[in-house]
Amino acid sequence: MDTKAFKRSLQHSDNYNRKGFGHQAEVATQLESEFQSNLIQEIRDRNYTIRRGNVTIQLAQAFGFCWGVERAVAMAYETRQHFPTERIWITNEIIHNPSVNKRMQEMQVEFIPVIDKVKDFSVVNSGDVVILPAFGASVQEMQILHDKGCQIVDTTCPWVSKVWNTVEKHKKGDYTSIIHGKYKHEETVATSSFAGKYLIVLNLKEAEYVINYILNGGDREEFLAKFSQACSAGFDPDQDLQRVGIANQTTMLKGETEQIGKMLEHTMMKKYRPAELNQHFQNFNTICDATQERQDAMLELVEENVDLIIVIGGFNSSNTTQLQQIAFDRGIPSYHIDSVERIQSINSIEHRQLTGELVITENWLPDGEIKVGVTSGASTPDKVVEDIIEKIFALKATAALV
Ligand SMILES: C/C(=C\COP(=O)(O)OP(=O)(O)O)CO
Ligand code: SF4
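Residues numbered from 1 in each chain as written. Chains lettered and ligands numbered in written order. Predicted model: local features only at pLDDT ≥ 70, side-chain atom pairs only at ≥ 80, totals over all residues. Heavy atoms only, no water.

A.B. asks: Talk me through the site of ligand 1; I want residue IDs and the actual numbers.
C.D. replies: Neighbouring ligand 1 are 14 residues; His96, Ser317, Ser318, Asn319 and Ser379 lie closest to it. Contact distances for ligand 1 include 2.7 Å between an oxygen atom and a backbone N or O atom of His96. In the environment of ligand 1, an oxygen atom lies 3.0 Å from a nitrogen or oxygen atom belonging to the side chain of Thr251. The pocket occupied by ligand 1, as judged from atoms lying within 2 Å of grid points, is the second largest pocket. (Near = heavy atom within 4 Å. Polar contact = N/O pair within 3.5 Å; in protein donor to acceptor, adjacent residues only side chain to side chain. 1 Å grid on protein atoms, 1.4 Å probe; cavity = no way out; pocket = protein on both sides within 12 Å on 5 of 7 lines; lining within 4 Å. Sits in = over half its atoms within 2 Å of the grid points.)

A.B. asks: Any details on the sheet that holds strand S1 (residues 16–17)? Residues and values, ideally.
C.D. replies: In a beta sheet, neighbouring strands pair by backbone hydrogen bonds and run either parallel or antiparallel. Read from one edge of the open sheet, five strands run S1-S9-S8-S4-S5, paired in parallel fashion. Each edge of the open sheet is held by one strand with a lone partner, namely S1 and strand S5 (109–111). Where strand S8 (residues 129–132) lies against strand S9 (residues 151–154), four bridges are found, and the strand directions are parallel. Paired with Leu132 across the two strands is Asp154, which belongs to S9. (Pairing = 2+ DSSP bridges. Helix = DSSP H or I, 4+ residues; strand = E, 2+ residues; numbered from the N terminus.)

A.B. asks: Requested: an account of the UniProt feature "binding site: [4Fe-4S] cluster" (unreviewed entry) in the protein chain, with residues and values cited.
C.D. replies: Taking the numbering used here, the UniProt-annotated feature "binding site: [4Fe-4S] cluster" (unreviewed entry) corresponds to Cys66, Cys157 and Cys288. In three dimensions, the annotated residues from a span of 223 residues occupy one location, with a maximal C-alpha spread of 10.2 Å. Lining residues of the second largest pocket drawn from the annotated list: Cys66, Cys157 and Cys288. Setting aside anything within four residues of it in sequence, one finds Cys66 in contact with Ala290, Arg294 and Ala378. Residues within four places of Cys288 in sequence aside, it is in contact with Trp159 and Thr250. (UniProt positions renumbered as here; feature names shortened; annotations may be inferred. Contact = heavy atoms within 4.5 Å.)

A.B. asks: How would you explain the site of ligand 2 if you had to name every residue and give the values?
C.D. replies: Lining the immediate surroundings of ligand 2 are Cys66, Gly68, Val69, Cys157, Trp159, Val160, Thr250, Thr251, Cys288, Ala290 and Thr291. If you map ligand 2 onto the pockets, it falls in the second largest pocket. Elements supplying a minimum of two residues to the shell around ligand 2: helix H4 (67–82), helix H7 (158–172) and helix H13 (289–301). Among the residues forming the shell around ligand 2, the class breakdown is seven nonpolar, four polar and no charged. (Nonpolar A, V, L, I, M, F, W, Y, C, P; charged D, E, K, R; others polar.)

So this is what it looks like as structure tokens:
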């Protein structure tokens, strides 16, 4: 499929909207009351720190809702206002936060049903409205919806679309897109659907494996088995790694994407002559600003001498997981939780480990004077952060009375 031509025709269609419906002001008030927090604003105004009793909270200098998330959620709210009686669908979670997705359901924004791991678009009728989430959607899904003639509201973050443009450029130049990302993640699924040849690498270890194959060759069958779900159809590692371009899922660890880019650049210089580099390697920066800022702020927070760090965000939120990875790498006790309910008591917290496992840790909150670092992912409402900080204050105040 000519994905570029398809996107152009979609954008010119009367049934397609990516700018909202002019209800920004009403929606802004609603979003503020549902998701914003006076306490968090107060802490921001006090140079990101607050002390109550024997607890000091140190917030990261950048955390919480990013611009792309605010925009997508606002567009979804506007869509409900603009189409009060129409049936509204969404192709995936709007963003990776349970409280925001719950609100979508309360507003009767329905998920496309999935049968045997396949989305059943037959439920969508031409008069329906379908929201594409902040991660975007695959070009195949867009085409199905376009063919149905339903109203499409596209909330894809422009930073994500920028990555799609990058893989289109790779495709045009006959470069294979090496995508740093998680092959099952909605954004990466969408990005790879716009690519020509592609290979998705999760981390430095996988990138090193690919580099070794480029330089020294290797076991072709093993390579194909390893990346069976993470490459384009008919991918041939012996042919398709001679010209490569870098792209990423916007919320990966920024340092890791940069390192993978550098490693591949050096590899191509080594394998071919430096003067031929441009024919074998392309790199456009596709890390988003919000991801950079939140990770940079986390790198500062881990230097703050905190006793522990609470990382707040959906358990399927990639960018939140990257924030915890930074704390983990520094050996600081850190707890990734998605809501205040995970704090069961002063002695017990249920949290997600980097492996994805949910575990309960006892005696997680130290006695006496403590300093707690707090950050939240790009899809986490400040309200959720407030509830958690208030809970910590309350638990410690009660403990001090005993
Ligand atoms: C929508 C979006 C980022 C917002 O945070 P999310 O937590 O929703 O998504 P992710 O970190 O990619 O799992 C895609 O860049
Ligand atoms: S994290 Fe970046 S790419 Fe993702 S929604 Fe936010 S601004 Fe957009």
